[in-house]
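Secondary and tertiary structure notes
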Amino acid sequence: MQVIATLPRLLHAFFQEWLTRQRGTSSHTVISYRDTWRLFLRFVAERQQRSVAKLTVEQITANGVLAFLDHCEKERKVSVGTRNCRLAALRSFFSFVAGHEPALAAQCAQILRVPTKRAQRHSIRSMEVEEIEAILAQPTRTSPVGQRDHALLALLYNTGARIQEALNLCPRDIRFETPARVRILGKGQKERECPLWPETVALLKALLTRQPRGQQERIFVNRYGNPLGASGVRYKLRGYVVAAAKQTPSLSLKRVSPHLFRYSTACHLLASGVDITVVRDLLGHAHLDTTGHYAQANLATKRSALEKVAGRPAKPPRWKRDQDLLAWLDSL
């Protein structure tokens, strides 16, 4: 059976028709898949010693996919999580191809059988309140950039939003009047609302007073007025953490990222006695199990729980210890 569609046509149909129009996939997922295919096509072309334009679907094999994933880990030094994300992008495409080109069904099945790689799950240490306060104290709030960064980090801790969810916010998404709240568009185009602290409202108002934005324009922009990117936030945050660690040394032992603000929000809410289902709704998780991974009990909560255990070992009373000592002396 002859293959009708070429690789460029299949890729075009996959991105334009399948992902965007039929599946309604978010732009962030499309961009992630696009970046994977840019890397993958260059890798396969170099391996096949031909140009990307001359590649065919038949030249993409399961062995080639495995070689690409190993290249990502060993040469590009990506994490196992990123490796699995690359594999997910390739799997999605070949699942689409299998349904449109029966002649390639066997080849697609081999690629779809490439397993995801298990990674060691490290225990994530959330930030303490004083550590978050130390980071928030670093941006110079007299400058536009410092004021923007301070408001953004405070918003992340207040809402537990993902970094891109916060960066996508426009003035129309925020209700400044009491009761103040923000509308967040999360994964899967799911909307959720989160209350805002008065302090966060004041910071956002001050930012928009200094840098007015239209109702549909992004609130957080760079010095050129363009939407701020997540990579730019991570870069700035690293500098603030280094500075804050001089006063709060415990920060140097943690890998602080925008996502750690989200994780810390969940932990602090649970430690305060907030029901886990409320935390789930606040974070925008579809399943309660996901929230359980984020919101682990902190050390103080664990210590408090252990202290309540009735059957824990305890020293015998002093009179008992003294009697044992006297009995031993009498036996001499």
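Higher on the page you've got the structure.
Residues numbered from 1 in each chain as written. Predicted model: local features only at pLDDT ≥ 70, side-chain atom pairs only at ≥ 80, totals over all residues. Heavy atoms only, no water.

1. Describing the packing of aromatic side chains
Formally: Any pair of Phe, Tyr and Trp rings, taking the six-membered ring for Trp, is counted once the centres come within 6.5 Å. Such a pair is stacked with planes under 30 degrees apart, edge-to-face with planes over 60 apart, and tilted for the rest. Each residue is placed in one exposure class: buried if its accessible area under a 1.4 Å probe, protein chains only, is under 20% of its type's maximum, exposed if it is over 50%, and partly exposed if it falls in between.
Per the stated rule, a full pass over the model turns up 12 aromatic pairs. For the ring pair F14 and F15, a centre distance of 5.1 Å and an interplane angle of 80 degrees mean the geometry is edge-to-face. With respect to class, F14 is no different from F15; both count as buried.

2. Let's talk about the sheet that holds strand β1 (residues 174-175)
In plain terms, the rule: At least two bridges found by DSSP between two strands is the condition for calling them paired. Numbered from the N terminus, helices here are DSSP runs of H or I no shorter than four residues, and strands are runs of E no shorter than two.
Spatial ordering of the open sheet is given by β1-β2-β3, a layout of 3 strands whose pairing is antiparallel. For this open sheet the edge positions go to β1 and β3 (191-195), each flanked by a neighbour on one side alone. Examined bridge by bridge, β1 and strand β2 (residues 181-185) share 2 bridges and lie antiparallel to one another. Looking at β2, one finds that I174 is bridged to V182.

3. Looking at helix α11 (residues 258-271)
Worth spelling out the cut-off: Each residue after the first adds 1.5 Å to the expected span of a helix.
With 14 residues, α11 should cover 20 Å at 1.5 Å per step; its first-to-last C-alpha distance of 21 Å lies within 8% of that length. Here α11 lies mainly inside the structure; 10 of its 14 residues are buried. Turning to α11, its buried residues are P258, L260, F261, R262, Y263, S264, T265, A266, C267 and H268. In the stretch just after α11, G273 is the one whose phi turns positive, near 95 degrees.

4. Looking at the pairing of β3
Here β3 shows a clear split, with R192 and C194 buried on one side and none of E191, E193 and P195 buried on the other. Across 5 bridges, β2 lies against β3 in antiparallel orientation. Looking at the pairing, V182 lines up with C194 of β3. Linking β2 to β3, which pair antiparallel, is a turn of 5 residues; within it G188 sits at a positive phi near 65 degrees.

5. Comments concerning the pattern of salt bridges
Formally: Whenever Lys or Arg places a side-chain nitrogen within 4 Å of a carboxyl oxygen from Asp or Glu, that contact is recorded as a salt bridge.
Taken as a whole and judged by the stated rule, the model has 12 salt bridges. Among the salt bridges present, the one from D149 reaches R148, with a minimum N-O distance of 2.9 Å. Pair check on accessibility: D149 and R148 agree, each one buried. Two residues, E165 and R192, come together in a salt bridge whose shortest N-O distance is 2.7 Å. Separated by 27 residues along the polypeptide, E165 in helix α8 (residues 163-167) and R192 in strand β3 bring together distant segments of the chain. Taking relative accessible area as the criterion, E165 reaches 6% and is therefore assigned buried.

6. Considering helix α7 (residues 144-159)
Taking 1.5 Å as the rise per residue, α7 with 16 residues should run 22 Å; its terminal C-alpha atoms sit 22 Å apart, in good agreement. Most of α7 is tucked away: 14 of the 16 residues are buried. Taken from the residues just after α7, G160 is the one with a positive phi, measuring 70 degrees.

7. Considerations on the nonpolar core
Keep this limit in mind: To form a nonpolar core, buried Ala, Val, Leu, Ile, Met, Phe, Trp, Tyr and Cys residues must be joined to one another through side-chain atoms within 4.5 Å. Contact between two residues is taken to exist if any of their heavy atoms lie within 4.5 Å; hydrogens are not considered.
Judged by nonpolar contacts, the single largest core of 45 residues is most densely connected at I135, L152, F220, L251, V256 and F261. Of all elements in the fold, only α6 (129-136), α7, α8, β2, α9 (198-210), α10 (230-245) and α11 reach the threshold of two or more residues within this core. Among all residues touching L251, those that are not within four sequence positions of it are M127, E131, A134, I135, V241, A244, A245 and V256. By size, the runner-up hydrophobic cluster in this structure holds 36 residues, among which are L55, F68, A89 and F93.

8. Some thoughts on empty space enclosed by the protein
Spelled out, the test is: A cavity here means a set of points on a 1 Å grid, drawn over the protein atoms and nothing else, where a 1.4 Å probe fits but cannot get out; a pocket is an open set with protein on both sides within 12 Å along at least five of seven lines, and a residue lines either one if it has an atom within 4 Å of a point. Grid points are joined across faces, edges and corners, and a volume is the space filled by probe spheres set on the points. Three classes are used, and their members are as follows: Ala, Val, Leu, Ile, Met, Phe, Trp, Tyr, Cys and Pro are nonpolar, Asp, Glu, Lys and Arg are charged, and the others, Gly among them, are polar.
Taken as a whole, this structure holds 2 cavities of 30 Å³ or more when the rule is applied. By volume, the largest cavity is sized at about 40 Å³. Taken together, D149, L152, L153, V233, K236, L237 and Y240 form the lining of the largest cavity. For the lining of the largest cavity, the secondary structure elements donating two or more residues are α7 and α10. The dominant element in the lining of the largest cavity, judged by the number of residues it contributes, is α10, at 4 residues. Looking at the lining of the largest cavity residue by residue, the classes come out as 5 nonpolar, no polar and 2 charged. In this structure, the second largest cavity spans a volume of roughly 30 Å³. What lines the second largest cavity is simply V44, R47, Q48, Q59, T61 and G64. Residue contributions to the lining of the second largest cavity peak at 3 residues, all from helix α2 (residues 27-48). Looking at side-chain class alone, the lining of the second largest cavity contains 1 nonpolar, 4 polar and 1 charged residues.

9. Focus: the packing of α2 against helix α3 (residues 62-74)
So the rule is basically this: Interaxial angles span 0 to 180 degrees and are taken between N-to-C directions of axes, which are lines fitted to C-alpha atoms, for helices over the stretch in contact. Roughly parallel means an angle under 35 degrees; roughly antiparallel means over 145; roughly perpendicular covers 65 to 115; every other angle is labelled oblique. Rotating anticlockwise by less than a right angle from the far helix to the near helix defines a left-handed crossing, while the corresponding clockwise rotation defines a right-handed one.
Between α2 and α3, whose axes approach to 10 Å, the crossing angle comes to 110 degrees. Comparing their axes, α3 and α2 come out roughly perpendicular. Crossing hand, α2 versus α3: right-handed. Where α2 abuts α3, its residues T36, L39, F40, F43 and R47 lie against N63, G64, V65, A67, F68 and H71.

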